[in-house]
Amino acid sequence: MAREDFVGGDAAQQSASPQGQITFLDSYQVHWRVFERDARNDAGTKGEWCLIFSSVDTLRRVWIYPVDWRTLSSAALTMLSWHR
Amino acid sequence: MTTPRSVPDTRDATSGQYPLLLVDDDSESLSASSRMLRGAGYSVATESAGDRVLRLVRTTGTRLVISELYVACSEGRCVVAVLMADRMRLPRVSVLVHTRYATSTDVNWALAAGADAIVRKGARPGSLVIEVMRLLEAAA
């Protein structure tokens, strides 16, 4: 059975925006779940929302991302996850 | 895992300081993580006491703090949260949480504390190094 990604279901539901989340496989066959988080109450916040990339053992937060992030290709999402 | 670039040498030749500060109150974990990062070519300072972490970050050229989640300091339960709440004074500092605490509650706490990334202890080899590389490169 595949391991759940880093952010468990409850946490994802709590922090995901109403528009929902997407998943993709990067070129190393790592499964990522991507969703927005309401960051208004997070320490050192850089904006109202951020994007979270969650894999089985790593979580990345990205502050600057396009509004159409859900339509990006896996390659573009991989590159986006490399930013902050 | 995404590894599009080579590992840079992060030594700060101009100041002689260590831009990476590794923080853990578990000495074995601190030693293991330190060996891993030094093996990847990084120069790393280590610390286990929260108050000394605050002093070091506020007075030196630290660019990236790699910290266990619940390392307390006199200013709060979690040195990560204290540092990130101080982002106005420390705009260049990034925080990577490297933690054995990985429940959804812990992850939400780390994000609320302002973590830029989280890596689970016991992750696949290379995961920590990749996130260090990513955060340093993104901040450059």
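Residues numbered from 1 in each chain as written. Chains lettered and ligands numbered in written order. Predicted model: local features only at pLDDT ≥ 70, side-chain atom pairs only at ≥ 80, totals over all residues. Heavy atoms only, no water.

1. Side note on the overall build of chain A
Per the secondary structure count, chain A includes two helices and four strands. Its helices and strands taken in sequence order, chain A reads α-β-β-β-β-α from the N to the C terminus. Buried positions account for 52% of the 84 residues belonging to chain A. When contacts within chain A are restricted to residue pairs at least 6 apart in sequence, long-range pairs at least 24 apart make up 34% of them. As presented, chain A carries roughly 4200 Å² of accessible surface, and 53% of it is formed by carbon and sulfur atoms. (Helix = DSSP H or I, 4+ residues; strand = E, 2+ residues; numbered from the N terminus. Buried < 20%, exposed > 50% of the residue type's maximum accessible area, 1.4 Å probe, protein only. Contact = heavy atoms within 4.5 Å. Areas by Shrake-Rupley, 256 points an atom, 1.4 Å probe, with all protein chains shown as cover.)

2. Re the nonpolar core
Residues and elements named next belong to chain B. If you look at the biggest cluster of nonpolar residues, it comprises 34 residues, and the most contacted ones within it are Val53, Val57, Val65, Val80, Leu83, Val97 and Ile118. Ranked by residue count, the leading element in this core is helix 3 (residues 79-85), at six residues. Once you skip the residues sitting within four places of it in the chain, Val80 turns out to touch Ser67, Glu68, Val95, Val97 and Ala113. Val44, Leu64, Leu128 and Val132 belong to the second-largest nonpolar core, a separate cluster that totals 19 residues. (Core = buried A, V, L, I, M, F, W, Y, C linked by side-chain atoms within 4.5 Å.)

3. Some words on the confidence of the model for chain B
Residue and element names in this part refer to chain B. Confidence along chain B averages 84 in pLDDT terms, with 87% of residues attaining 70 or more. Across chain B, element-level confidence peaks in strand 5 (residues 117-120) with a mean pLDDT of 96 and bottoms out in helix 3 with 87. Here residues 1-16 is modelled with pLDDT under 50, and outside its nearest four sequence neighbours on either side it reaches 41 contacts, counting other chains as well. Overall fold confidence for the complex sits at a pTM of 0.85, while the interface term, ipTM, reaches 0.85. (pLDDT = per-residue confidence, 0-100.)

4. Re the sheet that holds strand 3 (residues 49-54) of chain A
The pairing of strands in a sheet comes from backbone hydrogen bonds and takes either a parallel or an antiparallel form. Strand order across the open sheet formed by nine strands is 1(A)-2(A)-3(A)-4(A)-5(B)-4(B)-3(B)-1(B)-2(B), with mixed pairing between neighbours. Strand pairing shows two members of the sheet lacking a second neighbour, strand 1 (22-25) of chain A together with strand 2 (44-47) of chain B, which therefore form its edges. Neighbour to neighbour, the strand axes of the sheet diverge by 20 degrees on average, direction disregarded. Two elements, strand 4 (residues 58-62) of chain A and strand 5 of chain B, share three bridges in a ladder whose sense is antiparallel. Within the sheet, the bridge partner assigned to Leu59 of chain A lies in strand 5 of chain B and is Ile118 of chain B. Across the face of the sheet, helix 1 (residues 27-39) of chain B comes into contact with strand 1 (20-23), strand 2, strand 3 (64-67) and strand 4 (94-99) of chain B while running at roughly 175 degrees to strand 2 of chain B. In the packing of helix 4 (residues 104-112) of chain B onto the sheet, contacts are made with strand 2 (31-38), strand 3 and strand 4 of chain A together with strand 4 and strand 5 of chain B, and the angle to strand 4 of chain A comes to roughly 30 degrees. (Pairing = 2+ DSSP bridges. Axes fitted to C-alpha atoms, helices over the stretch in contact; angles between N-to-C directions.)

5. Brief notes about the pairing of strand 4 of chain A
All names here are of chain A. Burial of strand 4 is extensive: five of the five residues sit out of reach of the surface. Neither face of strand 4 is open: one carries Thr58, Arg60 and Val62, the other Leu59 and Arg61, and all of them are buried. Two successive antiparallel strands, strand 3 and strand 4, enclose a turn made up of three residues.

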